[in-house]
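Each chain is listed here by its residues.
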Amino acid sequence: MAILRLAPAALSPACAVVCFPCRPSSQRVPRPASRSALVCLAATPKVPLPIASPASLGDDPSKWDPAECDALLRGGEQVASVLQEMVTLMEDMEMDGAFQQVAVELVAQGVIGKRVDEMESGFLMALDYMIQLAHKDSDDERKSLLEIIKQTVLDHLTKKCPPHVQVVGLLCQTEKKDSRHELLRRVAAGGGVFKNEKGLKCQIPGANLNDIANQADDLLETMESRDIIPDRKLLARLVIVREEARNMMGGGLLDERNDRGWTTLPEAEVNFLSKLVALKPGKALERMIRDVMNGKGEGADNIGQSIADSPSEQEHLAGVSGKGSVSGSKPRPVRPGMFLETVSKVLGGVYASNSSGITAQHLEWVHQTTLKILQEMAF
């Protein structure tokens, strides 16, 4: 087990662990400096961290949004306060061996448990920024402690969520496909207390598979509606969770609960799918799908979306089979979740009309290949 030790001798105010870059003077808000210092010797935390983290603010503080910068400063002060309270509680403790790691986690649970309902919206943002700084400084000790605090905060927040939301979080942290399927089966059976691979007991909530799929789909819709996707790894995990939960429902792909009631399929996804079905399955087709899923080509984020007015831009406005775009404007980028939704919808129509054949086999190949690529992206 990893060993983590606090060093009281290094706990002077001069050894502060956080140093936030300053905003431009025109945007600066007077604030007292944060006062805390903590030194630890540790490895990574005992469980992988969820990836639902705020996007990077970038390396140039002068380009930060003033509201985000203000939230970061308020969150940073709270993080410093948490660290200071942990130091105060642990400076008289004498710890040896593996108990050091456990003691730090218990102290973090106690300190954060009292404050979780009062935390600023920028608390996790500040934690992520501090972790980035520690990583750039190659300070594994500081980074490990901050990650323990972050994991503890996320654990407390997760417990306040409905069961199906908790399950989505658990699935997003589960790398192996078989383990996710086993987790879904136990959740659908009502949950309970089970032993994990390490022999430790863990509580799994019971939830409805349809609620799990819909929750993942809601999160996907929120992320994919943006012009720029901040975290494609998280997006890939959510797509996998949605598809696997839907596939495990009684009717599988054709289950009526999966029908979102679309009357018109999304233009960008239909354009891309029409290109795929015109080509023979193989490495070249897989490479096309991989590029789009990774945000290249038709899947590239829209930075400054506008109606095309030049011949070179007009090429992007072609609709299905080379016809003009229905909307007359540049389609939104192809998004992984919406693309698989489109494939499933078309495939369901093929099966419902009893006209399955080469087209159905081709669509099945596209569906499975896309899921395989997203699995590689996600973990």
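Looking up the chain in an unreviewed UniProt entry gives the name Protein PEP-RELATED DEVELOPMENT ARRESTED 1, chloroplastic, with the organism given as Digitaria exilis.

(A) Quick look at the overall build of the chain. The secondary structure content of the chain amounts to 13 helices and 2 strands. When the 379 residues of the chain are sorted by exposure, 42% land in the buried category. Of the contacts made within the chain by residues no fewer than 6 positions apart, 75% connect residues no fewer than 24 positions apart. Within the structure as shown, the chain displays about 20000 Å² of accessible surface, and the carbon and sulfur contribution to it stands at 53%.

(B) Structural context of unusual backbone geometry. We note that Ser138 has phi near 55°; this positive angle belongs to a residue other than glycine. For Ser138, the position within the fold is in the loop between helix H3 (123–136) and helix H4 (140–159).

(C) Highlighting the nonpolar core. Ranked by internal contacts, the top residues of the largest apolar core, which has 46 residues, are Ile212, Met293, Phe339 and Leu374. Among the secondary structure elements, those contributing two or more residues to this core are helix H5 (163–172), helix H6 (177–188), helix H7 (209–224), helix H8 (232–248), helix H9 (267–277), helix H10 (283–293), helix H12 (336–352) and helix H13 (358–378). With 8 residues, H8 is the largest single contributor of residues to this core. Among residues more than four places away in sequence, those in contact with Phe339 are Glu269, Phe272, Leu273, Leu276, Met293, Val334, Val366 and Thr370. By size, the runner-up hydrophobic cluster in this structure holds 28 residues, among which are Leu83, Ile131, Leu146 and Ile148.

(D) Representation of H10 in the model. All of the buried residues in H10 are Leu285, Glu286, Ile289, Val292 and Met293. Relative to the axis of H10, the buried residues are bounded by an arc of 130° and lie together on one face. Exposed and facing more than 90 degrees away from the buried side of H10 are Lys283 and Arg287. Of the surrounding secondary structure, the elements contacted by the buried residues of H10 are H8, H9, H12 and H13. Residue Gly295 follows H10 closely and has a positive phi angle near 85°.

(E) Structural context of the pattern of salt bridges. One pass over the structure, following the stated rule, counts 22 salt bridges. Through salt bridges that share partners, Asp217, Arg242, Glu243, Arg246 and Glu341 make up one connected network.

(F) A look at the packing of aromatic side chains. Within this structure, the stated rule accounts for 1 aromatic pair. The interplanar angle of 55° and the centroid separation of 5.3 Å between the aromatic rings of Phe272 and Phe339 together place this pair among those described as tilted. Highlighted residues: Phe272 in helix H9 and Phe339 in helix H12, separated in sequence by 67 residues. In terms of burial, Phe272 and Phe339 fall into one category: buried.

(G) Looking closely at the packing of H5 against H6. Put simply, H5 and H6 touch, their axes get as near as 10 Å, and they point 165° apart. Viewed along their axes, H5 and H6 adopt a mutual orientation that is roughly antiparallel. Considering how the two elements wind past one another, H5 and H6 form a crossing that is right-handed. Counted together, Val167, Leu170 and Leu171 of H5 and Arg180, Leu183, Leu184 and Val187 of H6 form the full contact between these two elements. In terms of residue class, the contact of H5 with H6 is built from 6 nonpolar, no polar and 1 charged.

(H) The arrangement of the side chain of Glu244 in detail. Here Glu244 shows up in helix H8. The buried category is assigned to Glu244, whose relative accessible area is 12%. Setting aside anything within four residues of it in sequence, one finds Glu244 in contact with Lys177, Arg180, His181 and Leu184.

(I) View of the confidence of the model for the chain. Per-residue confidence for the chain gives a mean pLDDT of 75, with 69% of residues at or over 70. Across the chain, the secondary-structure element scoring lowest on mean pLDDT is helix H11 (residues 311–314), at 42, and the one scoring highest is H10, at 94. Contacts from residues 1–55, a stretch scored under 50 in pLDDT, to residues over four places away or in other chains number 124 contacts. Confidence drops under pLDDT 50 across residues 306–325; counting only partners more than four residues distant or on other chains, this segment forms 23 contacts.

What counts, and where the lines are drawn
Residues numbered from 1 in each chain as written. Predicted model: local features only at pLDDT ≥ 70, side-chain atom pairs only at ≥ 80, totals over all residues. Heavy atoms only, no water. Helix = DSSP H or I, 4+ residues; strand = E, 2+ residues; numbered from the N terminus. Buried < 20%, exposed > 50% of the residue type's maximum accessible area, 1.4 Å probe, protein only. Contact = heavy atoms within 4.5 Å. Areas by Shrake-Rupley, 256 points an atom, 1.4 Å probe, with all protein chains shown as cover. Core = buried A, V, L, I, M, F, W, Y, C linked by side-chain atoms within 4.5 Å. Arc of directions from axis to C-beta. Salt bridge = Lys/Arg side-chain N within 4 Å of Asp/Glu carboxyl O. Phe/Tyr/Trp six-rings, centres within 6.5 Å; stacked < 30°, edge-to-face > 60°. Axes fitted to C-alpha atoms, helices over the stretch in contact; angles between N-to-C directions. Parallel < 35°, antiparallel > 145°, perpendicular 65-115°, else oblique. Left-handed = near helix turned anticlockwise from the far one by under 90°. Nonpolar A, V, L, I, M, F, W, Y, C, P; charged D, E, K, R; others polar. pLDDT = per-residue confidence, 0-100.

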